[in-house]
Amino acid sequence: MDLPNSGSCRTQFLVYTCARDKAQAVFTRNWGRGSVPTEENPKMLTIENLPSSPAPMIYLPGESRSSRNVHSKSRGACRPSIVVHGREVMCESGEERDAAQIIATNPDVVDLREQPPAVTWVDAEGTPRRHTFDFLATLRSGKKIAIAVKPMEVAKRTRFLETLSLIARQLPRSFADGVKLVTDEDLPLDHVHNAVLLRQSLRTSNPAHDELIKRLLAEHKYATIGQIIEASGLEGQAFQAIIRLIAAGVVRVIDNARIGYLARIELTISSSNEEVA
């Protein structure tokens, strides 16, 4: 296919101007030199007369609740961010991002806040200090867990576990009910890979496909993901359905293996009993 000359070709633009309270869409044709669309332009479309859609075109996450500026300038640090429970969660390292991915897949976690307000504690020499945890997780039970994320090598070298124990003993119950240290040893690549897939499954929905996968698995004690996909005839949509069922706790990955076509899966005990009933 020949590429058109960008200086003289006809081009079409679909421009979205989005804010949290409104969205406006403009459709116009550019005939070479570029004309600015006006209200009189017959090609203009407003958001009111766009074709109806079963779901919003754009989802805007809520703002970060970090108590400090995470995205400070740095030449050697990673400053990623992800969306958890509909809100942006900013991270100060790749380890924090991976930890957030895994924590967010825990069904008992209903809220995750990054960089909560600093807590005051007194060290062994009696010197007052302040510490900012990396995350504050709220559980379905209402309890809160303050989470620190550090590479194991750094935690050992700085004897951070001893420091964390001192902070935990002085932590106000109004802030958290307990603390947890997460290191790179708690973030194997396969677990992070699975967490990313499980979180992505929340963007899709197809109950009919889910039921078909459940019926196929009920006919076998276990099977590989590839075998179920082939038997379903749904190709990639079957893979999405399997991931959704794993995320919902209906299907489990045997031996907590890396999710892929060769991974073996089976219905959970509760789901198997429902199928029998």
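Coordinates for the structure precede this section.
Visitor: Got a minute to help me understand the overall build of the protein chain in this structure?
Guide: Within the protein chain, the secondary structure is distributed over eight helices and 13 strands. Per-residue burial for the protein chain yields a buried fraction of 35% across its 277 residues. Within the protein chain, contacts between residues separated by at least 24 positions form 53% of all contacts whose residues are at least 6 apart in sequence. Summed over all atoms, the accessible surface of the protein chain reaches about 17900 Å², with 51% contributed by carbon and sulfur.

Visitor: Looking at this structure, I do not really get the packing of helix 5 (residues 207–218) against helix 6 (residues 225–232). What am I missing?
Guide: Helix packing for two helices is described by the angle between their axes and how far apart those axes are. Running from amino to carboxyl end, helix 5 crosses helix 6 at an angle of 115°, the nearest separation of the two axes being 10 Å. For the crossing formed where helix 5 meets helix 6, the hand is right-handed. When helix 5 is examined against helix 6, the residues L212, I213, L216 and L217 are found in contact with a partner set consisting of I228, A231 and S232. A class-by-class count of the residues in the contact of helix 5 with helix 6 yields six nonpolar, one polar and no charged.

Visitor: Would you mind going over the sheet that holds strand 9 (residues 144–149) with me for this structure?
Guide: Strand pairing within a sheet occurs via backbone hydrogen bonds; the two strands may be parallel or antiparallel. Taken together, four strands build an open sheet; the order of strands is 5-8-9-10 and the sheet is mixed. Each of the sheet's edge strands pairs with one partner strand only, and the pair in question is strand 5 (109–114) and strand 10 (178–182). Neighbour-to-neighbour, the strand axes of the sheet open up by a mean angle of 25°, direction not taken into account. Those strands touched by helix 1 (residues 94–104) are strand 5, strand 8 (135–139), strand 9 and strand 10, and its axis lies near 150° from that of strand 9. Lying over the sheet, helix 3 (residues 160–170) contacts strand 9 and strand 10, oriented at roughly 165° with respect to strand 10.

Visitor: How do you make sense of helix 7 (residues 236–247) when you look at a structure like this?
Guide: Given 3.6 residues per turn, any residue in an α-helix points the same way as the ones three and four places further on. In a regular helix each residue adds 1.5 Å, so twelve residues correspond to 16 Å; helix 7 covers 17 Å between its end C-alpha atoms and thus fits that length. Taken together, the buried positions of helix 7 are occupied by A238, F239, A241, I242, I243, R244, L245 and I246. Buried residues along helix 7 sit in contact with helix 4 (189–200), helix 5, helix 6, strand 12 (251–253) and strand 13 (264–267).

Visitor: Would you take a moment to explain the layout of surface pockets for this structure?
Guide: A water-sized probe, rolled over the atoms, reveals where empty space remains. There is about 1100 Å³ of room inside the largest pocket. Listing elements by their share of the lining of the largest pocket, those giving two or more residues are strand 3 (81–84), helix 1, helix 4, helix 7 and strand 12. Per-element tally for the lining of the largest pocket: the top contributor is helix 4, with seven residues. Considered class by class, the residues forming the lining of the largest pocket number 20 nonpolar, ten polar and four charged.

The rules behind the values
- Residues numbered from 1 in each chain as written.
- Predicted model: local features only at pLDDT ≥ 70, side-chain atom pairs only at ≥ 80, totals over all residues.
- Heavy atoms only, no water.
- Helix = DSSP H or I, 4+ residues; strand = E, 2+ residues; numbered from the N terminus.
- Buried < 20%, exposed > 50% of the residue type's maximum accessible area, 1.4 Å probe, protein only.
- Contact = heavy atoms within 4.5 Å.
- Areas by Shrake-Rupley, 256 points an atom, 1.4 Å probe, with all protein chains shown as cover.
- Axes fitted to C-alpha atoms, helices over the stretch in contact; angles between N-to-C directions.
- Left-handed = near helix turned anticlockwise from the far one by under 90°.
- Nonpolar A, V, L, I, M, F, W, Y, C, P; charged D, E, K, R; others polar.
- Pairing = 2+ DSSP bridges.
- Expected span 1.5 Å × (residues − 1).
- 1 Å grid on protein atoms, 1.4 Å probe; cavity = no way out; pocket = protein on both sides within 12 Å on 5 of 7 lines; lining within 4 Å.
- Points joined across faces, edges and corners; volume = space filled by probe spheres on them.

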